[in-house]
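As a plain string of letters, each chain reads:
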Amino acid sequence: MKKLIFIAFALLLSLNLSAQRSRNTNQIPQTQSEPTEEQIAKHKRDMEERRDEYIQNFLSTLEADEFQKHIIKQNIISFFEAKTELYKVKYEHSMDRKNAVEKLEKTHFKDLEELISENDMTKLKEMIKGDFDEKEVVKKKKKKRKKKKQKKDK
């Protein structure tokens, strides 16, 4: 019985070692194929939908009227497009790109300062810096819908 257990253990150990040795470590890993034009177009569409949803959630937090919100939306969209163009440009140093983005952030919304309130402008600057918490806005919208539905059911 002891011999049988010893032979089985030795067999498993030798199979394990031979499997590890037979693996070719010089093999180039398989990569995914290049994305097709369809996949690229779908990705762009999804990105634009997500951007529009993000902007709409941000605009719901502002106290401006519909005309002002429409102008703010156009400015935000143009800001995002300008920022992506800046990231596509090749700079010699990363500091040059960083300075260009900071300059864009400071100058792009100058004309809006006269049009909207200071509170909305500070919210806009926070959103540009990345401090806008979209999850909180979505939670508030869900609560409103839930309350509305409960009132409707009663």
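Summary of the structure given here. Residue positions are counted from 1 within each chain, in the order its sequence is given. The predicted origin of the model limits local features to residues at a pLDDT of at least 70 and limits the giving and counting of side-chain atom pairs to 80 or more, whereas totals for whole chains, interfaces and linings rest on all residues. For side-chain calculations, the full set of non-hydrogen atoms in the structure is used, while hydrogens and water are omitted.

### Focus: the layout of surface pockets
Here is step 1: Think of a 1 Å grid over just the protein atoms. A cavity is a set of points where a 1.4 Å probe fits yet cannot get out, a pocket is an open set with protein on both sides within 12 Å along at least five of seven lines, and lining residues have an atom within 4 Å of a point. Grid points are joined across faces, edges and corners, and a volume is the space filled by probe spheres set on the points. Each pocket or cavity is described by its volume, and for the largest pocket that value is around 520 Å³.
Here is step 2: Contributing to the lining of the largest pocket are 13 residues, with Met 47, Glu 48, Arg 51, Phe 80 and Thr 84 lying nearest its centre.
Here is step 3: A breakdown of the residues in the lining of the largest pocket according to their chemical character gives four nonpolar, two polar and seven charged.
Here is step 4: Space inside the second largest pocket adds up to approximately 320 Å³. Note on residue classes: Ala, Val, Leu, Ile, Met, Phe, Trp, Tyr, Cys and Pro are nonpolar, Asp, Glu, Lys and Arg are charged, and everything else, Gly too, is polar.

### Considerations on helix α7 (residues 134-153)
Here is step 1: In this text, helices come from DSSP runs of H or I with a minimum length of four residues, and strands from runs of E with a minimum of two, each type numbered from the N-terminal end. By this rule, a helix spans an expected 1.5 Å times one less than how many residues it contains. Taking 1.5 Å per residue as the helical rise, α7 with its 20 residues ought to reach 28 Å, and the 29 Å between its terminal C-alpha atoms agrees with that figure.
Here is step 2: Of all the 20 residues making up α7, two are buried; the element is thus mostly uncovered. Only protein chains enter the area calculation, which uses a 1.4 Å probe; residues under 20% of their type maximum are buried, those over 50% are exposed, and those in between are partly exposed.

### Digging into the packing of helix α3 (residues 66-88) against helix α6 (residues 118-129)
Here is step 1: Angles shown run from 0 to 180 degrees and are taken between the N-to-C directions of axes, each axis being a line fitted to C-alpha atoms and, for helices, limited to the stretch in contact. One can describe the packing of α3 onto α6 by two numbers: an axis separation of 12 Å at closest approach and a directional angle of 25 degrees. Here α6 runs roughly parallel to α3, going by the angle between their axes. Judged by the twist between their axes, the crossing of α3 over α6 is right-handed. In this structure, α3 uses Ile 72, Ile 76, Phe 79, Phe 80 and Lys 83 to contact α6, whose residues at the interface are Leu 124, Met 127 and Ile 128.
Here is step 2: Of the residues contributing to the contact of α3 with α6, the split by class is seven nonpolar, no polar and one charged. Angle categories are assigned with fixed cut-offs, so that under 35 degrees is roughly parallel, over 145 is roughly antiparallel, 65 to 115 is roughly perpendicular, and the rest are oblique. Handedness of a crossing follows from how the near helix is turned relative to the far one, being left-handed for an anticlockwise turn of less than a right angle and right-handed for a clockwise one. By definition, residues are in contact when any of their heavy atoms lie within 4.5 Å.

Function cannot be inferred from these measures alone, as they are strictly geometric.
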